[in-house]
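Coordinates in review
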Amino acid sequence: MLDVAARTSLQPKYDIVLYGATGFTGQLVAAYLHSVQDLQGQKWAIAGRSPAKLAALATKLGAGVSSIAAELTDAAATADLVSSTRAVINCAGPFSQHHAEELLGECARRGVHYSDLAGEGFWQAEMAAKFHQVAERSGAKIVLGGGVDSIPSDLGCMLAIDALPGEGGPIQARAVYTEYTGSFSGGTLNSGRAMSRARNEGRVTAAMEADPYLLAPGTTGADSAVGTADGMPAGFGWGLSRRQPFFMGPINARVVRRSLALRGLAQQVSYSECSSVGLWLRLGWVYASRGLGYFRGEPINLSPRSGEGPPSWLLEEGAFAVEVTATAASGAQAVATVVGKGDPGYGATAKMLAEVGLCLSLDAHPSAAGGVLTPWTGLGEALAARLRRAEGGAFMTLDVARTPRAGDGAAVR
């Protein structure tokens, strides 16, 4: 295993390798990487299992990108891929089924940074248990939740709680998604099938699905008594209310709680996540006003196969928004608002994962050691700043407003 000093003294061939580049999301990430100024004159590569598909994608992208064909079941090929780069980003899901453990584990052992788009909480928990200490020793930052699940929630929560006055005492943080306009791909359906298979195999149990701290095992925290993954009260569900369940809530909330646990805040900060009724009304209006895409000449595919996803107009016109309100025991509040453009799970998530990879490879990181981390604990303000700059500031906004206690003066922004 390489130690940190040995790793940093080496000069890998590539700054970033994108694995799973020929899938639907992978191609979006590749196109974005090829367009960003940061990689102009730098060396990066697309990677995957099929030499023919990689060659076709490389031709489509044009000059400046290399390709690496590697089966993750081939240990030597995986080791060669990992040793050639500073950072790996992985789009080849479902991650619990497509040998992502071999790629992540090799990165952890060799001190190479890594992130992916996994939303399979049981698999993330397995990776944290197996490789956190390995990555700590090597200096590798293994960043969970490198896309829309769970960057907006994770960064939003941390920005909000850090904006509160440092008075101690319990803090309640709640994220409310007010917009999530997009669709799904064949990969989404495959991930759902992977979860069903994991339940049948016993890798996922009812207790695990309800565990708020699945990604922070052994933690007894502020949400332990709630006993729900999304942190909402037991029995919370669909109804005539301005607050509704959010299907990404359980995934995002667990990543946020891993951040809190790694920061030593799990006992102090409780976190919950839901959606507004307006999110669903807005989504319904977009679908109806576009005639499910038929009015645009590109209908939304409601039964996509592998490699298929949302139409191009939705990739561009989709959007997401979340407000995270952190409330201190004194009543002081801070609200972080995170807004992004593009279909959340594809157009936007592709850019987020690409920016995570660029941040891991090119930017100065927080001084935290390696490990199986989260977007905030691995990259923190460096990632927030990068996302604010992306596409000339037109892609994402991350704003924080603090409302002091009554009598303390005006709100601070």
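What counts as what
- Residues numbered from 1 in each chain as written.
- Predicted model: local features only at pLDDT ≥ 70, side-chain atom pairs only at ≥ 80, totals over all residues.
- Heavy atoms only, no water.
- Core = buried A, V, L, I, M, F, W, Y, C linked by side-chain atoms within 4.5 Å.
- Buried < 20%, exposed > 50% of the residue type's maximum accessible area, 1.4 Å probe, protein only.
- Domains from an automatic or database assignment.
- Contact = heavy atoms within 4.5 Å.
- UniProt positions renumbered as here; feature names shortened; annotations may be inferred.
- Helix = DSSP H or I, 4+ residues; strand = E, 2+ residues; numbered from the N terminus.
- Pairing = 2+ DSSP bridges.
- Axes fitted to C-alpha atoms, helices over the stretch in contact; angles between N-to-C directions.
- Parallel < 35°, antiparallel > 145°, perpendicular 65-115°, else oblique.
- Left-handed = near helix turned anticlockwise from the far one by under 90°.
- Nonpolar A, V, L, I, M, F, W, Y, C, P; charged D, E, K, R; others polar.
- pLDDT = per-residue confidence, 0-100.
- Phe/Tyr/Trp six-rings, centres within 6.5 Å; stacked < 30°, edge-to-face > 60°.
- Lys NZ or Arg CZ within 6 Å of the ring centre and 35° of its normal.
- Buried area = accessible area lost by both parts, 1.4 Å probe.
- Salt bridge = Lys/Arg side-chain N within 4 Å of Asp/Glu carboxyl O.

Ranked by size, the top nonpolar core spans 113 residues in total, and within it Leu33, Ile46, Leu81 and Tyr114 carry the most contacts. Residue assignment places this core across two domains, with domain 1 (14–143) and domain 2 (151–343 + 386–403) each supplying three or more. Excluding its chain neighbours within four sequence positions, the residues that come into contact with Ile46 are Leu18, Ala21, Ala30, Leu54, Leu57, Ala58, Leu61, Val65, Ser66, Ser67 and Ile68. In this structure, Val286, Ile300, Trp313 and Leu314 belong to the second largest nonpolar core, which totals six residues.

What UniProt calls "domain: Saccharopine dehydrogenase NADP binding" (unreviewed entry) maps, in this numbering, to residues 16–140. End C-alpha to end C-alpha, residues 16–140 measures 14 Å, and it is 49% helix and 19% strand.

One open sheet accounts for six strands, arranged E8-E9-E7-E10-E11-E13; its pairing is mixed. Taken across any chain shown, the strands that pair with only one partner, and hence form the sheet edges, are strand E8 (243–244) and strand E13 (396–403).

The subject of this paragraph is the sheet that holds strand E3 (residues 65–69). In spatial order, the strands read E3-E2-E1-E4-E5-E6-E12; together these seven strands make up an open sheet with parallel pairing. Looking at which strands have only one partner, the edges of the open sheet turn out to be E3 and strand E12 (371–373). Each strand axis lies, on average, 20 degrees off the axis of its neighbour in the sheet, ignoring direction. In terms of strand pairing, strand E5 (residues 113–116) meets strand E6 (residues 141–143) through two bridges, oriented parallel. Paired with Ser115 across the strands is Val143, a residue of E6. The sheet contacts of helix H5 (residues 100–110) involve strand E1 (14–19), strand E4 (85–90), E5 and E6, and relative to E5 the element is tilted by about 150 degrees.

H5 packs onto helix H4 (residues 75–83) with a crossing angle of 50 degrees between their chain directions and a minimal axis gap of 10 Å. With respect to H5, the axis of H4 lies oblique. Handedness of the crossing formed by H4 with H5: right-handed. Residues Thr78, Ala79, Leu81, Val82 and Ser83 of H4 pack against Glu102, Leu103, Glu106, Cys107 and Arg110 of H5. The residue makeup of the contact of H4 with H5, split by class, is five nonpolar, two polar and three charged.

Further remarks concern the confidence of the model for the protein. Taken over all residues, the pLDDT of the protein has a mean of 92, while the share at 70 or more is 93%. Contacts of residues 1–9 to residues separated by more than four positions or lying in other chains number 18 contacts, the stretch itself having pLDDT below 50. Contacts for the low-pLDDT stretch residues 409–413, under 50 throughout, to residues beyond four places or in other chains number ten contacts.

The next point concerns the packing of aromatic side chains. Overall, the coordinates contain nine aromatic pairs when judged by the stated rule. Ring centres of Tyr180 and Phe247 lie 5.5 Å apart, and the angle between their planes is 90 degrees; on these two criteria the pair is classed as edge-to-face. Note that Tyr180 is positioned in strand E7 (residues 171–181) and Phe247 in the loop between E8 and helix H10 (249–262), a separation of 67 residues in sequence. Given a relative accessible area of 11%, Tyr180 falls into the buried group. With a centroid separation of 5.1 Å and 55 degrees between ring planes, the pair formed by Phe246 and Phe247 is classed as tilted. Through successive ring pairs, a cluster of aromatic residues spans Tyr177, Tyr180, Trp238, Phe246, Phe247 and Trp280. In this arrangement the basic side chain of Arg257 is found over the ring face of Tyr213, its NZ or CZ atom lying 5.9 Å from the centre.

On to the domain arrangement of the protein, then. Each assigned domain of the protein is listed here: domain 1 (14–143) and domain 2 (151–343 + 386–403). Using C-alpha coordinates to define each centre, domain 1 is positioned 24 Å away from domain 2. Contacts between domain 1 and domain 2 engage 17 residues on the former and 22 residues on the latter. Interface area for domain 1 against domain 2, summed over the two sides, is near 1,600 Å², with a carbon-plus-sulfur share of 63%. The largest per-residue losses of area from domain 1 upon contact with domain 2 belong to Phe24, Gln97 and Phe122, which jointly make up 38% of the total buried on that side. At the boundary of domain 1 with domain 2, the tally comes to two salt bridges. As a salt-bridge pair, Glu126 and Arg203 come within 2.7 Å of each other at their nearest N and O atoms.

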